[in-house]
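Chain by chain, the residues:
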Amino acid sequence: MNLLSIWELDKIKIGDYVGLASEVKKNPGKYAHTLEGKTLAMVFEKASTRTRVSFEAGMTQLGGHAIYFDFTTSQLSRGETMHDTAKTLGRYVNIIMARLYKHTDLLEIAKHAGVPVINALTDEEHPCQALSDLETMAEKGKLKAGNRFAFVGDCGFNMANSLMLACAKAGMEVTLVCPKGYQPNQKYLHEAKKYGKVEVCSDPAQGVGGADVVYTDTWISMGLEDEKAERTKAFMPFQVNEELLSHAKKDCIVMHCLPAHRGLEITNEVIDGKQSVVFDQAENRLHMQKAIMLKLMEKI
Ligand code: CP
Ligand code: NVA
């Protein structure tokens, strides 16, 4: 069993992950030895703070061990294929997580590893983040059918893809708020609309109107650095600041997967303000990923 995308999960499986993460958070001692003797390989082609540390700490807390596998110092950087790398890793470790540019590379690892594989972010999805965000929304009393989720900013990349599906499948109403030239991924939009009300809006104030949750992410995702100048200009009117937030519900929460670019997609006042739950989100990555590893290794 793998966790490669939110796309492949139905509402029940999503609910199972959220329930299990909350149980793991409440009773960490219960699982302290569950993965004793097991090894996780953490394959990184891109930078990371939260994902790397939360997976490694999570594996330690479950009694197992994690190995950081850096793309640039491995034979992958000298042309060894994903196929051969996956087959080799699968002979040494019990579970693999990978953060890669191309989703197709992740699928290649999953096809050949012979052990469970977790998507730790590709250009297409970031399911670990989206699932832990659902857990955070549940804790804050916002994960309710009919509640309004507004994603503001770059609606065409991994976070927006995973979150539009996760929130729609969980029964929320989703608004994707983005400039006209930067539309959501149409394949994901089409899929998300099968599960509930999903709208696209290019007016920031209207888009966050009445929202229970306002979520943003960087405008310049890893790999898009060359587009920094034009993206900053196009997205500036979509900054999550106090003025924009005044259009959402008074008790709305503000979310960001981090890392944040303060003064760009979000202001200091908002990210450090009382509606912000960003560090609860960061913490919940740990609990959710422990739940994911336990589930994929069939310990629960
Ligand atoms: N949100 C997230 O995945 O953070 P890192 O890039 O630091 O892992
Ligand atoms: N969309 C961002 C998410 C970082 C966690 C990126 O891909 O860089």
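Residues numbered from 1 in each chain as written. Chains lettered and ligands numbered in written order. Predicted model: local features only at pLDDT ≥ 70, side-chain atom pairs only at ≥ 80, totals over all residues. Heavy atoms only, no water.

Peer 1: Would you mind showing me how to read the packing of aromatic side chains here?
Peer 2: Both the distance between ring centres and the angle between the ring planes are used here to describe each pair of aromatic rings. Summed over all chains, the structure comprises 6 aromatic pairs. Ring centres of Trp7 and Tyr188 lie 4.9 Å apart, and the angle between their planes is 85 degrees; on these two criteria the pair is classed as edge-to-face. Taken together, the positions of Trp7 in the segment before helix 1 (11-26) and Tyr188 in helix 7 (residues 186-192) put the pair 181 residues apart, joining distant regions of the chain. On the basis of relative accessibility, which here comes to 1%, the residue Tyr188 falls in the buried class. On the basis of an interplanar angle of 45 degrees and a centroid distance of 4.8 Å, the ring pair of Tyr182 and Phe235 is categorised as tilted. Linking Tyr182 in the loop between strand 6 (173-177) and helix 7 with Phe235 in helix 9 (residues 228-235), this pair joins segments that are 53 residues apart in sequence. (Phe/Tyr/Trp six-rings, centres within 6.5 Å; stacked < 30°, edge-to-face > 60°. Helix = DSSP H or I, 4+ residues; strand = E, 2+ residues; numbered from the N terminus. Buried < 20%, exposed > 50% of the residue type's maximum accessible area, 1.4 Å probe, protein only.)

Peer 1: Looking at this model, I keep getting lost on the site of ligand 2. Mind explaining?
Peer 2: Inspection of the region around ligand 2 gives Leu121, Phe157, Asn158, Asp217, Thr218, Ser221, Met222 and Leu258 as its neighbouring residues. Ser221 is positioned such that a nitrogen or oxygen atom in its side chain is 2.7 Å from a nitrogen atom of ligand 2. Backbone polar atom of Met222 to an oxygen atom of ligand 2: 2.9 Å apart, as the coordinates give it. Considering ligand 2 on its own, with 270 Å² of exposed area, one finds that the protein chains cover 95% of that surface. (Near = heavy atom within 4 Å. Polar contact = N/O pair within 3.5 Å; in protein donor to acceptor, adjacent residues only side chain to side chain. Areas by Shrake-Rupley, 256 points an atom, 1.4 Å probe, with all protein chains shown as cover.)

Peer 1: Honestly, the nonpolar core in this entry has me stumped. Any pointers?
Peer 2: Generally speaking, a soluble globular protein has its nonpolar side chains buried in company with each other. Ranked by size, the top nonpolar core spans 59 residues in total, and within it Leu40, Ile118, Leu131, Phe149, Phe151, Ile292 and Met293 carry the most contacts. In terms of residues, this core owes the most to one element, helix 6 (residues 158-169), which gives 8 residues. Beyond its immediate chain neighbours, meaning those up to four positions away, Phe151 contacts Met159, Ala160, Leu163, Thr175, Leu176, Val177, Tyr215 and Asp217. (Core = buried A, V, L, I, M, F, W, Y, C linked by side-chain atoms within 4.5 Å. Contact = heavy atoms within 4.5 Å.)

Peer 1: I would appreciate a short explanation of the layout of surface pockets in the present structure.
Peer 2: Empty space left among the atoms is revealed by rolling a probe the size of a water molecule over them. In this model, the largest pocket occupies a volume close to 370 Å³. Residue lining of the largest pocket: 24 residues in total, with Arg99, Leu121, Met222, Leu258 and Pro259 positioned closest to the centre. Put simply, the parts of the chain that give the lining of the largest pocket at least two residues each are helix 2 (50-61) and helix 6. Partitioning the lining of the largest pocket into residue classes produces 9 nonpolar, 9 polar and 6 charged. (1 Å grid on protein atoms, 1.4 Å probe; cavity = no way out; pocket = protein on both sides within 12 Å on 5 of 7 lines; lining within 4 Å. Points joined across faces, edges and corners; volume = space filled by probe spheres on them. Nonpolar A, V, L, I, M, F, W, Y, C, P; charged D, E, K, R; others polar.)

Peer 1: What am I meant to see in unusual backbone geometry here?
Peer 2: Note: most peptide bonds trans; most residues except glycine with negative phi. Of note, the amide linkage connecting Leu258 to Pro259 takes the cis form, showing an omega dihedral of 5 degrees. With respect to the helices, strands and loops of the structure, Pro259 is situated in the loop between strand 9 (253-256) and helix 11 (268-271). Here the phi dihedral of Leu258 falls at roughly 65 degrees; this positive angle occurs in a residue that is not glycine. Tracing the backbone through its elements, the reader meets Leu258 in the loop between strand 9 and helix 11. The exposure class assigned to Leu258 is buried, which follows from its relative accessible area of 11%. One non-glycine residue, Glu298, adopts positive backbone phi at about 55 degrees. Position of Glu298 among the secondary structure elements: in the segment after helix 12 (278-296).

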